[in-house]
Amino acid sequence: MQPAIEITQRGEKDFVSCVGVGDGSRCYESEGLCSIAECLQDAAAVLGAEFSFATVIFDRMTMGSYPVATIEHRALEVADELLTKTFGRRTMD
């Protein structure tokens, strides 16, 4: 079962990160994070070595499956990729 990391932006520098399992339940939530990268690092720390991959959902859009190690150690790059994907999807609508 692959976990999901869901990131929601509440304000310019106010994010919420949730980690859940395949059945839709949330097992961890952190509020008041300052950036997408911080959300990713926080969630990856929770997942630890127990999981190899996680699905990332940003702004209610599924962005894809990423290695947890990449999410943790390259959070800025993954965050930039999420923003690029989000912008691309919104311009297509």
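To be clear, the structure that these remarks concern was listed above.
Residues numbered from 1 in each chain as written. Predicted model: local features only at pLDDT ≥ 70, side-chain atom pairs only at ≥ 80, totals over all residues. Heavy atoms only, no water.

What follows is about helix 1 (residues 36-47). For helix 1, spanning 12 residues, the distance from its first C-alpha to its last is 17 Å, which sits close to the expected 16 Å at 1.5 Å a residue. For helix 1, the set of buried residues is Ile36, Ala37, Cys39, Leu40, Ala43, Ala44 and Leu47. Seen along its axis, helix 1 keeps its buried residues to an arc of 155 degrees; they face one direction. Downstream of helix 1 by a residue or two, Gly48 has a phi angle that is positive, lying close to 55 degrees. (Helix = DSSP H or I, 4+ residues; strand = E, 2+ residues; numbered from the N terminus. Expected span 1.5 Å × (residues − 1). Buried < 20%, exposed > 50% of the residue type's maximum accessible area, 1.4 Å probe, protein only. Arc of directions from axis to C-beta.)

What follows is about the pattern of salt bridges. Two side chains that carry opposite charge are able to pair once their charged atoms sit near each other. This model, assessed by the stated rule, comprises three salt bridges. A salt bridge links Arg74 to Glu77; the nearest nitrogen and oxygen atoms lie 2.6 Å apart. Put simply, Glu81 and Lys85 hold a salt bridge, and the shortest N to O gap is 3.5 Å. Here Lys85 and Glu81 lie together in helix 3 (residues 75-92), a separation of four residues that amounts to about one turn. When its relative accessible area of 35% is taken as the criterion, Glu81 is described as partly exposed. The exposure class assigned to Lys85 is partly exposed, which follows from its relative accessible area of 28%. (Salt bridge = Lys/Arg side-chain N within 4 Å of Asp/Glu carboxyl O.)

Moving on, we get to the environment of Pro3. Here Pro3 shows up in the segment before strand 1 (4-11). Relative accessible area serves as the criterion here: at 3%, Pro3 is assigned to the buried category. Each C-alpha atom, one on Pro3 and one on Ser52, is 9.5 Å from the other, the two residues being 49 residues apart in sequence. Those residues within four positions of Pro3 in sequence are excluded, and the remaining contacts are Gly20, Leu47, Phe51, Phe53, Ala54 and Thr55. (Contact = heavy atoms within 4.5 Å.)

Strand order in the open sheet made by the five strands is 3-2-1-4-5, with mixed pairing throughout. In this open sheet, the two edge strands, each paired with only one partner strand, are strand 3 (26-33) and strand 5 (61-67). The sheet shows a mean angle of 20 degrees between the axes of neighbouring strands, taken without regard to direction. Across four bridges, the pairing between strand 1 and strand 4 (residues 53-58) is parallel. Residue pairing for strand 4: Ile7 is matched across the bridge by Phe58. Sitting on the sheet, helix 1 is in contact with strand 1, strand 2 (14-20), strand 3 and strand 4, with an inclination near 25 degrees to strand 2. (Pairing = 2+ DSSP bridges. Axes fitted to C-alpha atoms, helices over the stretch in contact; angles between N-to-C directions.)

Interpretation in functional terms is not warranted from these geometric data alone.
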